[in-house]
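Here is what each chain is made of, one letter per residue.
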Amino acid sequence: MSDIRIDGHKLMFHPERVAAWLRGENVYPIYVEIGPSGACNNRCCFCAFDYRGYKSEFLETDVLCRAIEEMGEHGVKSVMCAGEGEPLLHQDIVRIISQTKTAGIDVALSTNASLLEQRIAEGILPCLSWMRLSINAATPETYAGIHGCGQERFKRVIENVALAVEIRNRLASPCTLGVQIVLIPQNVDEIERLAQICSEIGVDYLTVKPCIPHPHSGKEFSPPFELAFLRELKEKADAYQSPSFKVYFRLHGFEKIRSSERRYDHCLGLPFFAKISCDGGVYSCGPHLGDPEYCYGNIYEQSFSGIWEGQRRLRIIEKVQKKLDCSECMKNCRLDEINAYLWELTHPGPHANFI
């Protein structure tokens, strides 16, 4: 499997869009995250969106599909179905993913895999570029404690993932299947075991990422792990790698959450990104989900192009780029690497012409 650049950014692969932005044009996003469901059948102890209340709210399929079709017409390149809740709880998730692909947009899914039954897997795997499966433990007891569910669900999840691998291979789908674990004290002793399980099942990779508290969560989290310990843990997990299975231990991400340093003064990446919540709101980014100050509009009330080209979004972008104090944002946020790239691009140092 070629490098999928999990710990970094890919904006350099879209020079035309970046060049248009540099010229001051109103560019459409490259990537959009969509939350089809506000409800979730887990209560993960580290959940970043628990402050949203796990409300049983679902995007109306026809409204969402119209917005997705419009996104494709305006050059949106990719959509990830994730959101405040579990996307597979949406009864039309197969249709949503299929129509996203039909709109000419690469589509991905983040799920806890507990509802990934055969019918759903066969419907979505031919359309997906990748699917990320959130499995944050390697034993039923630890899984239940972290995910806030019964112990029996761990066995079902592992069986569902194995079935997804079998279906992916049978259908010759190009979908990359990866497992993600958020490293916290409760599961730190199970990283190696999870790597072994993933390798045996046949998924393409395991990624180990830091826990990044949401500013609105209000939860107390343990101090960051010592870097020396993390390097040792990475070496142990890396031992399970093979030509067909990779481990992405996001050491750089762990290093960044220990630092207060930002490589940029202002957030510049918002024009290339958007977040659509389960209530139809189009937001600047995940950390501000639910905050009306950062809501561009709502797809129930306006077309996506009407929102994106509207004066409200432009005013929010200008405010963020000129006034937002980035030191108050989440560490290691989704746009962190993109912001560093754009800042250097727009603030080159001396001797930049000596390539």
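As a starting point, this report considers the structure included with it.

About the thresholds
- Residues numbered from 1 in each chain as written.
- Predicted model: local features only at pLDDT ≥ 70, side-chain atom pairs only at ≥ 80, totals over all residues.
- Heavy atoms only, no water.
- Helix = DSSP H or I, 4+ residues; strand = E, 2+ residues; numbered from the N terminus.
- Rg over C-alpha atoms; globule rule 2.2 N^0.38 Å.
- Buried < 20%, exposed > 50% of the residue type's maximum accessible area, 1.4 Å probe, protein only.
- Contact = heavy atoms within 4.5 Å.
- Areas by Shrake-Rupley, 256 points an atom, 1.4 Å probe, with all protein chains shown as cover.
- Lys, Arg positive; Asp, Glu negative; His and termini not counted.
- Charge placed at Lys NZ, Arg CZ, Asp CG, Glu CD.
- Salt bridge = Lys/Arg side-chain N within 4 Å of Asp/Glu carboxyl O.
- Core = buried A, V, L, I, M, F, W, Y, C linked by side-chain atoms within 4.5 Å.
- Pairing = 2+ DSSP bridges.
- Axes fitted to C-alpha atoms, helices over the stretch in contact; angles between N-to-C directions.
- Arc of directions from axis to C-beta.

Topic: the overall build of the chain
Here is step 1: Check the secondary structure of the chain and you find 12 helices and 10 strands.
Here is step 2: By the compact-globule yardstick of 20 Å for 355 residues, the chain fits well, its C-alpha radius of gyration being 20 Å.
Here is step 3: With respect to the three principal axes, the spread of C-alpha positions in the chain is 50 × 50 × 40 Å.
Here is step 4: Per-residue burial for the chain yields a buried fraction of 54% across its 355 residues.
Here is step 5: Of all intrachain contacts in the chain linking residues separated by at least 6 positions in sequence, the fraction that spans at least 24 positions is 74%.
Here is step 6: Here the chain displays about 16,100 Å² of accessible surface, and carbon together with sulfur accounts for 50% of that area.
Here is step 7: Side chains of the chain carry 39 positive and 46 negative charges; the gap between the two charge centres is 1 Å.

Focus: the pattern of salt bridges
Should their charged atoms come close, side chains of opposite charge can pair.
Here is step 1: Evaluation of the coordinates by the stated rule reveals 24 salt bridges.
Here is step 2: The salt bridge involving glutamate 84 is made with arginine 52; its shortest N-O contact spans 3.2 Å. Here glutamate 84 is found in the loop between β2 (78–81) and α3 (93–102), whereas its partner arginine 52 is found in the loop between β1 (31–34) and α2 (61–73), with 32 residues between them in sequence.
Here is step 3: Among the residues examined, arginine 52 registers a relative accessible area of 16% and is labelled buried.
Here is step 4: Here lysine 256 makes a salt bridge to aspartate 336, at a shortest N to O gap of 2.7 Å. Here lysine 256, found in helix α9 (residues 251–257), pairs with aspartate 336, found in helix α12 (residues 336–346); they are 80 residues apart in sequence, far enough to count as distant. The same class applies to lysine 256 and to aspartate 336, which are both buried.
Here is step 5: What emerges from the salt-bridge pattern is a single network uniting Arg52, Lys55, Glu57, Glu84 and Asp279.

Digging into the nonpolar core
Here is step 1: Of all hydrophobic cores here, the largest spans 119 residues; its most connected members are Met71, Met131 and Leu183.
Here is step 2: The greatest single-element share of this core, amounting to seven residues, is contributed by helix α6 (residues 152–170).
Here is step 3: Not counting residues within four places of it along the chain, the set of residues in contact with methionine 131 comprises Leu109, Thr111, Leu116, Ile124, Leu125, Ala164, Cys175, Thr176, Leu177 and Gly178.

Remarks on the sheet that holds strand β7 (residues 246–249)
Here is step 1: With mixed pairing, 10 strands are arranged side by side in an open sheet as β7-β6-β5-β4-β3-β2-β1-β8-β9-β10. Here the strands that pair on one side only, and so sit at the sheet edges, are β7 and β10 (295–298). For this sheet the average axis-to-axis angle between neighbouring strands, irrespective of direction, equals 20°.
Here is step 2: In this structure, β2 lies alongside strand β3 (residues 106–111), joined through four bridges in parallel fashion. Residue pairing for β3: cysteine 81 is matched across the bridge by leucine 109.

Brief notes about helix α7 (residues 191–201)
Here is step 1: Within the sequence span of α7, burial applies to Ile191, Leu194, Ala195, Ile197, Cys198 and Ile201. Around the axis of α7, the buried residues are gathered within 160° of arc, so they sit on the same side.
Here is step 2: Those residues of α7 that are buried lie in contact with α6, β5 (176–183), β6 (205–210) and α8 (227–238).
Here is step 3: Two residues or fewer past α7, glycine 202 is found with a positive phi of approximately 105°.

Topic: helix α1 (residues 15–22)
Here is step 1: Buried within α1 are the following residues: Arg17, Val18, Ala20 and Trp21. Along the axis of α1, the buried residues cluster in a sector spanning 160°; they form a single face.
Here is step 2: Buried positions along α1 lie against α11 (311–323) and α12.
Here is step 3: Residue glycine 24 follows α1 closely and has a positive phi angle near 90°.

Details of the side chain of arginine 17
Here is step 1: Position of arginine 17 relative to the elements: it lies in helix α1.
Here is step 2: When residues no more than four places from it in sequence are discounted, the contact partners of arginine 17 are Val27, Tyr28, Pro29, Ile30, Gly75, Lys77 and Phe272.

Shape is all these values report; function is a separate question.
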